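What the coordinates show
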Amino acid sequence: MSLSVSAAFDSGNIVVERLGGPDDIELRIRKDRDSEFFQWFHFRLSGARGQRCTLRITGLEASAYPGGWPGYRAAASNDRHHWWRAETRYDRDEAGGTLTITVTPQGDTLWLAYFAPYSMERHHDLVARIGAAPGVSVRTLGTSLEGQPIDCLSLGEGPLQLWFIARQHPGESMAEWWMEGALERLVDGDDAVARRLREKATLHLVPNMNPDGSRSGHLRTNAAGVNLNREWASPSIERSPEVLHVRAAMIDTGVNFMLDVHGDEAIPQVFVAGFEGIPSITDRQLALLHDYKAQLAAQTPDFQTRIGYPPSSPGKANLTMSTNAVAERFGCLAMTLEMPFKDHDDRPDAVAGWSPERSKQLGRDCLVTLAEMVERLR
Ligand code: ZN
């Protein structure tokens, strides 16, 4: 069987520059459509069973986050279920920044990706499975530019309105793994945390804000090259219907709490970014933000508050971003949760790095902290 590389599938992204042999595979990453962003890759390597392969992805100093490559290891899978990290090194001075991945495939086909992918097929499986649980409603809030549904799963009987959104940035697949963990816990009828939340609140979860970018193998934008997390001030049907529809549903219910789930390319930690610079900030909002972070850090050693983005100065918040826009409009606690693409520096995993399993567990743990604080969100 001859050597080949393909990315012609859901969330695939790679361009083959040269296939000189197993030890001479040169690749580059395609830009998001109508955009300069690129960082996400996902492809399969075939025809190299038992052969030591050297894959070089070049030109990465021009990628969206060059700081994401040092210390990063590529995700690899033999079966598309179990993902592990491959031997990887980065040299910023070689061919405009080169990531060199060295692997010996155990079978005829090996999959490689920036992070364990979360396909649109798996998304629909998730919506179907969770949507079939008692008390869960599935709504299509609208459609993407390419006509894909923006799915929202709602459950609970309480008056508080709690919103969760993920994958505004489609390459941040760990965000939908987080959603899978949170949703599985919320529909567990024996789970006291889920029962408390469902009694006190109505929860709305949008597991994938950007299905077009997800399917197209984008890092950061939708089908029109638009970064959805810069559209919250004035979303439009032409540029950002995904945000327009979700924001309209939020205005319809009101919002007592919002969590926007992301991945960060450079920082090997889990952290939260808040809304410190919004014009109408209140002491109550700041206290809720501080306490959520402190209680989550006590809940799970995977979360910490030492390292993250610097908070914006008073009055200087970017109101085109979801967290700031929602905190400003609704006067509520709103947060951006970031997980690593690299490993987790405080609790590294030599085999898997930060993983789908850790992302799902964080989703379950975040609900515990929320249940502890839910009375204060009204
Ligand atoms: Zn993001």
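Preceding this paragraph is the structure being described.
Here's what I pulled together on the structure shown here. (Residues numbered from 1 in each chain as written. Predicted model: local features only at pLDDT ≥ 70, side-chain atom pairs only at ≥ 80, totals over all residues. Heavy atoms only, no water.)

In this section: the overall build of the protein. When helices and strands are counted, the protein shows eight helices and 17 strands. For the protein, whose C-alpha radius of gyration is 21 Å, the value lies close to the compact-globule estimate of 21 Å for 378 residues. Taken over 378 residues, the protein has a buried fraction of 59%. Looking at the protein alone, contacts between residues at least 24 apart form 76% of all its contacts between residues at least 6 apart. When the accessible surface of the protein is totalled, it reaches about 14,300 Å², and 49% of it is carbon and sulfur. (Helix = DSSP H or I, 4+ residues; strand = E, 2+ residues; numbered from the N terminus. Rg over C-alpha atoms; globule rule 2.2 N^0.38 Å. Buried < 20%, exposed > 50% of the residue type's maximum accessible area, 1.4 Å probe, protein only. Contact = heavy atoms within 4.5 Å. Areas by Shrake-Rupley, 256 points an atom, 1.4 Å probe, with all protein chains shown as cover.)

The next point concerns the sheet that holds strand β9 (residues 98–103). Strands sit in the order β2-β3-β5-β9-β8 across an open sheet of five strands; the sheet is mixed. Sheet topology places β2 (15–21) and β8 (87–91) at the edges, where each strand pairs with a single neighbour. Looking at each pair of strands side by side, their axes are set apart by 15° on average, direction ignored. Here strand β5 (residues 53–57) runs beside β9; their pairing, made up of five bridges, is antiparallel. Looking at β9, one finds that C53 is bridged to V103. (Pairing = 2+ DSSP bridges. Axes fitted to C-alpha atoms, helices over the stretch in contact; angles between N-to-C directions.)

Taken across its seven residues, strand β13 (residues 160–166) has seven buried, putting it largely inside the fold. The alternating pattern of β13 places L160, L162, F164 and A166 and Q161, W163 and I165 on opposite faces, both of which are buried. Note that β13 and strand β15 (residues 257–264) share five bridges and pair parallel. Within β15, the position partnered with L162 by the bridge is F257.

Turning next to the pairing of strand β4 (residues 42–46). Across the five residues of β4, four count as buried, placing the element largely inside the fold. The pairing of strand β1 (residues 4–6) with β4 spans three bridges and is classified as antiparallel. Residue pairing across strands places V5 opposite L45, the latter belonging to β4. Looking at chain direction, β4 and strand β10 (residues 109–113) are connected through five bridges and run antiparallel. In the strand pairing of β10, F43 is matched with L112.

Next up on the list: the coordination of the zinc ion. Only H169 (ND1), E172 (OE), E172 (OE) and H262 (ND1) from the protein coordinate the zinc ion, and they sit 2.1 to 2.3 Å from it. For the zinc ion, the donor residues sit on a single chain with the sequence spacing H-x2-E-x89-H. Residue E172 is found in the loop between β13 and α2 (174–186), and its partner H262 is found in strand β15; the two are separated by 90 residues along the sequence. Judged by relative accessible area, E172 falls into the buried class, the value being 2%. Classification of H262 by relative accessible area gives buried; the value is 2%. (Donors = N, O, S within 2.8 Å, 3.2 Å for Na, K, Ca; no water.)

Here the focus is the sheet that holds strand β6 (residues 75–77). Spatial strand order, β1-β4-β10-β6-β7: five strands in an open sheet with antiparallel pairing. Each end of this open sheet is capped by a strand with a single partner; those strands are β1 and β7 (84–85).

Turning our eyes to something else, we now look at the packing of helix α3 (residues 192–200) against helix α8 (residues 356–373). To characterise two packed helices, one gives the angle between the axes of the helices and the distance between these axes. α8 packs onto α3 with a crossing angle of 50° between their chain directions and a minimal axis gap of 9 Å. In terms of their interaxial angle, α3 and α8 are classed as oblique. Seen from above, α3 lies across α8 with left-handed handedness. Residues V193, R196 and L197 of α3 touch α8, and the partners they reach there are L367, V368, L370 and A371. (Parallel < 35°, antiparallel > 145°, perpendicular 65-115°, else oblique. Left-handed = near helix turned anticlockwise from the far one by under 90°.)

Let us now look at α2. Each α-helix turn comprises 3.6 residues. Residues three or four places apart therefore point the same way. With 13 residues, α2 ought to run about 18 Å at 1.5 Å a step, and its terminal C-alpha atoms sit 18 Å apart, in line with that. Within the sequence span of α2, burial applies to M174, A175, E176, W177, W178, M179, E180, G181, A182, L183, R185 and L186. (Expected span 1.5 Å × (residues − 1).)

On to the pattern of salt bridges. In the structure shown here, the tally under the stated rule is 24 salt bridges. One salt bridge connects R306 with D346, and the closest N-O pair in it is separated by 2.7 Å. Residue R306 is located in the loop between α6 (283–299) and α7 (322–330), and its partner D346 is located in the loop between β17 (333–340) and α8; the two are separated by 40 residues in the primary sequence. What makes R306 exposed here is its relative accessible area of 59%. With a relative accessible area of 40%, D346 lands in the partly exposed category. E375 is paired through a salt bridge with R378; the nearest N and O atoms lie 3.5 Å apart. With relative accessibility at 54%, the residue R378 sits in the exposed group. Overlapping salt bridges bring together R18, D24, E26, R56 and E94 as one network. (Salt bridge = Lys/Arg side-chain N within 4 Å of Asp/Glu carboxyl O.)

Glancing now at the environment of A132. For A132, the position within the fold is in the loop between α1 (120–131) and β11 (137–143). Classification of A132 by relative accessible area gives exposed; the value is 64%. Along the sequence, A132 and V187 sit 55 residues apart, while their C-alpha atoms lie 9.8 Å from each other.

Next up on the list: the environment of C366. Residue placement: C366 occurs in helix α8. Separated by 70 residues in the primary sequence, C366 and L296 have C-alpha atoms spaced 6.6 Å apart. In this view, C366 contacts W178, Y292, L296 and L337; residues no more than four positions away in its chain are not counted.

Distances and angles like these do not, on their own, reveal function.
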